[in-house]
Amino acid sequence: MKMDSAAVEIDGSVMEGGGQILRVSAALSCITGSAIKITKIRAGRSTPGLRPQHLMGLQLVSDLCSGSLQGASIGSTDISLTPGKIRSGNHTADTQTAGSVCLLLQAALPCALYADAASQLCLKGGTNAEMAPQIDYTVKVFKPMVERFGVRFDCDIRMRGYYPKGGGEVMVTVNPVKELQPVTLTERGNITKIHGRAFVAGVLPYKLAKDMSAAAVRTIRKEIKELYINIQPLQEKDKAYGNGNGIIIIAESSTGCLFAGSALGKKGVYADKIGIEAAEMLLRNIRHNGCVDEFLQDQLIIFMALAKGTSRIRTGAVTLHTQTAIHIAERLTQAKFTITKSEDELSSNVTFIIECQGSGVANANL
């Protein structure tokens, strides 16, 4: 581990300018052993600096890599992380709010892959929270797709938690890898299956779940007539803390690509509207003929950057989150990314191929 080298300076306000810069930078610092200094954290946001969830994520990564973390407090706009040796075993992170456990996992998972043995991550906060993947997305879409890189992890949802109380808990077990393998995801094939869950928890009536599900099915039916669509309405019972409602719908393709649309209930918003919002999001993500949806896109960049060899992924429009993740990955690893526009002569679809010469980081602890 190169401990004495000068810290890599990262401007936290560039491009997407949010918490994602922190998660990708901290994880890559931990894995590569390069110290980092992040300035102007969330500078353009309405509440600049670190929020509880970002702080917890940084502390979790620092804990995973026996690191030294400076400047980490709520509202701080400058932090530095000097990583040490990655430690397996048990790690706990509690946002103490409805801060997303899925975002904590985004930061911690890559680090735990480079430990000397399995890690257990006990993550507490919101499982189905706004501005973050729902835990169902993490388990049903992110997990199978990231497993193509050789990642192996299990996720046990012990308690679901919603905005504003949180109180959710997931236990994630991560197995280390020697190195990650590159992936090629360029052929989407046909959509073969659409399924999902519409849930209510706490005091909210079961009818809301049925209404969300029915509205979503009606919306998808207008565009996709030939498939059976199964969106299960559910009343979350004992494994849910607080009140919440929402829906996630997943589409699978003949080549094993996965896409999702989701939405969460808000006070005063009709259930139908939530169902329709999720359905439209799903349809938008399967119209472009790419192999990943707009949310998975940026989450795969760090794994492409670490893998040994060349990865190629076909996407729809490249998101700002993805461009930001690429920018950080190129700063902190030897990976090289190229994005090529690809016109399809058969349809009006424009897709992009994100190609990455991975840096092939090997696990020095195994």
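Shown above is the structure to which this text applies.
Just so it is clear, the model here is predicted, and its values are computed rather than measured.

Quick look at the packing of aromatic side chains now. Per the stated rule, a full pass over the model turns up five aromatic pairs. Taken together, a centroid distance of 5.7 Å and an interplanar angle of 25° make the contact between Tyr162 and Phe199 stacked. Of the two residues, Tyr162 is situated in the loop between strand E7 (152-161) and strand E8 (168-175) and Phe199 in strand E10 (residues 191-201); the sequence distance between them amounts to 37 residues. Under the relative-accessibility criterion, Tyr162 is labelled buried at 3%. In this structure Phe199 comes out as buried when scored by relative accessible area, which is 0%. Ring pairing ties together the aromatic residues Phe142, Phe149, Phe153 and Phe303, which thus form one cluster. A cation over an aromatic ring shows up here: Lys143 above the ring of Phe153, its NZ or CZ 5.7 Å from the ring centre. Above the ring of Tyr241, the side-chain terminus of Lys165 is found at 5.6 Å from the ring centroid.

This part is about unusual backbone geometry. That bond from Tyr163 to Pro164 is cis: its omega, 0°, falls within 30 degrees of zero. You can see Pro164 is positioned in the loop between E7 and E8. One non-glycine residue, Met15, lies in the positive phi region at around 50°. Within the chain, Gln96 stands out as a residue other than glycine whose phi angle is a positive 60°. Tracing the backbone through its elements, the reader meets Gln96 in the loop between strand E5 (89-94) and helix H3 (101-112).

Here we take up the sheet that holds E10. Pairing between the strands of a sheet comes from backbone hydrogen bonds, and it takes one of two forms, parallel or antiparallel. Strands sit in the order E11-E10-E13-E14 across an open sheet of four strands; the sheet is mixed. Strands with a single pairing partner mark the edges of an open sheet, and in this sheet they are strand E11 (229-236) and strand E14 (258-264). Averaged over all pairs of adjacent strands, the angle between their axes in this sheet comes to 15°, without regard to strand direction. When strand E13 (residues 244-253) meets E14, the two strands line up antiparallel, connected through seven bridges. Bridging across to E14, Ala251 finds its partner in Phe259. Sitting on the sheet, helix H4 (residues 135-146) is in contact with E10, E13 and E14, with an inclination near 165° to E14.

Analysis parameters
- Residues numbered from 1 in each chain as written.
- Predicted model: local features only at pLDDT ≥ 70, side-chain atom pairs only at ≥ 80, totals over all residues.
- Heavy atoms only, no water.
- Phe/Tyr/Trp six-rings, centres within 6.5 Å; stacked < 30°, edge-to-face > 60°.
- Helix = DSSP H or I, 4+ residues; strand = E, 2+ residues; numbered from the N terminus.
- Buried < 20%, exposed > 50% of the residue type's maximum accessible area, 1.4 Å probe, protein only.
- Lys NZ or Arg CZ within 6 Å of the ring centre and 35° of its normal.
- Pairing = 2+ DSSP bridges.
- Axes fitted to C-alpha atoms, helices over the stretch in contact; angles between N-to-C directions.
- Contact = heavy atoms within 4.5 Å.

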